[in-house]
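Chain by chain, the residues:
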Amino acid sequence: MITAIYPGSFDPVTNGHLDVVGRALKLFDRLIIAVAHNSEKQGLFAPQERVELIRRSIEDSSKIEVVAFDGLLVDFAANCGAVAIVRGLRAVTDFEYEFQMALMNKTLSPGLETVFLASREAYTYLSSRVIKEVARLGGDVSKMIPPAVVQALREKLGG
Ligand code: PNS
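Residues numbered from 1 in each chain as written. Predicted model: local features only at pLDDT ≥ 70, side-chain atom pairs only at ≥ 80, totals over all residues. Heavy atoms only, no water.

**Overview of the sheet that holds strand β3 (residues 64-69)**
In step 1: An order of β3-β2-β1-β4-β5 is seen for the five strands of this open sheet, with the pairing classed as parallel. Edge positions in the sheet fall to β3 and β5 (113-118), since each has one partner strand and no second. Across the sheet, the axes of successive neighbouring strands diverge by a mean angle of 30°, strand direction being ignored.
In step 2: With six bridges connecting them, strand β2 (residues 30-36) and β3 associate as parallel partners. Directly across from A34, in β3, lies its bridge partner V67.
In step 3: Where helix α2 (residues 47-57) meets the sheet, it contacts β2 and β3, and its direction lies at approximately 170° from that of β3.
In step 4: Strands β4 (82-89) and β5 of the sheet are contacted by helix α4 (residues 92-108), whose axis makes an angle of about 170° with β4. (Pairing = 2+ DSSP bridges. Helix = DSSP H or I, 4+ residues; strand = E, 2+ residues; numbered from the N terminus. Axes fitted to C-alpha atoms, helices over the stretch in contact; angles between N-to-C directions. Contact = heavy atoms within 4.5 Å.)

Laid out in structure tokens, this is it:
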């Protein structure tokens, strides 16, 4: 049973994230989607709301778990028995940040691998930050996020 962890802020989850989930499931037996609490970063959605939105956006699968975590990712991954961290890579602009995290995590936990999945072309422009900005300004983001998130954004932002 090979377990991987897919960590992120997921504030909120986008179709780009779900694409990474679907592809990671082809590589691993079990995938833990881990929503990070970040006390320095005030999210639009609370961590537990993000977890619920992901749960409502993925098809029921015995291979997926969605949980919130705080503390170091490598510690959480070890507690879950994960052998790999999955991250989506959209463009070269992601690379420096992702590389820094991968190297730090490798230093902290040499046995844990980071696996990057190149984003599909259609999702390279997509980020939770841009979704929130466009939604706040009244733009239509319904094709880029799951229906549960469309609804939740309406409730959060009005409109
Ligand atoms: O979606 P994001 O915000 O790019 O995800 C970043 C995340 C949550 C993967 C990263 O901040 C993280 O791993 N946080 C947990 C705390 C930790 O282990 N920090 C050191 C990472 S090198």
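**So, the site of the ligand**
In step 1: The ligand sits among 14 residues. The nearest are S9, K41, L73, R87 and Y97.
In step 2: The separation between an oxygen atom of the ligand and a polar main-chain atom of L73 is 2.8 Å.
In step 3: At 2.9 Å from an oxygen atom of the ligand is found a side-chain nitrogen or oxygen belonging to R87.
In step 4: Considering the ligand on its own, with 540 Å² of exposed area, one finds that the protein chains cover 75% of that surface.
In step 5: When contributions to the shell around the ligand are tallied by element, the ones reaching two or more residues are β1 (3-8) and α4.
In step 6: Counted by class, the shell around the ligand contains eight nonpolar, four polar and two charged residues. (Near = heavy atom within 4 Å. Polar contact = N/O pair within 3.5 Å; in protein donor to acceptor, adjacent residues only side chain to side chain. Areas by Shrake-Rupley, 256 points an atom, 1.4 Å probe, with all protein chains shown as cover. Nonpolar A, V, L, I, M, F, W, Y, C, P; charged D, E, K, R; others polar.)

**Brief notes about the pairing of β1**
In step 1: For β1, the tally of buried residues reaches six of six residues, placing the bulk of the element in the interior.
In step 2: The alternating pattern of β1 places T3, I5 and P7 and A4, Y6 and G8 on opposite faces, both of which are buried.
In step 3: In the sheet, β1 pairs with β2 via six bridges, with the strands oriented parallel. Directly across from G8, in β2, lies its bridge partner V35.
In step 4: Remark: the β1/helix α1 (residues 15-24)/β2 crossover connection has right-handed handedness.
In step 5: Two elements, β1 and β4, share three bridges in a ladder whose sense is parallel. Paired with T3 across the two strands is A82, which belongs to β4. (Buried < 20%, exposed > 50% of the residue type's maximum accessible area, 1.4 Å probe, protein only. Right-handed = clockwise from strand over helix to strand, strands pointing away.)

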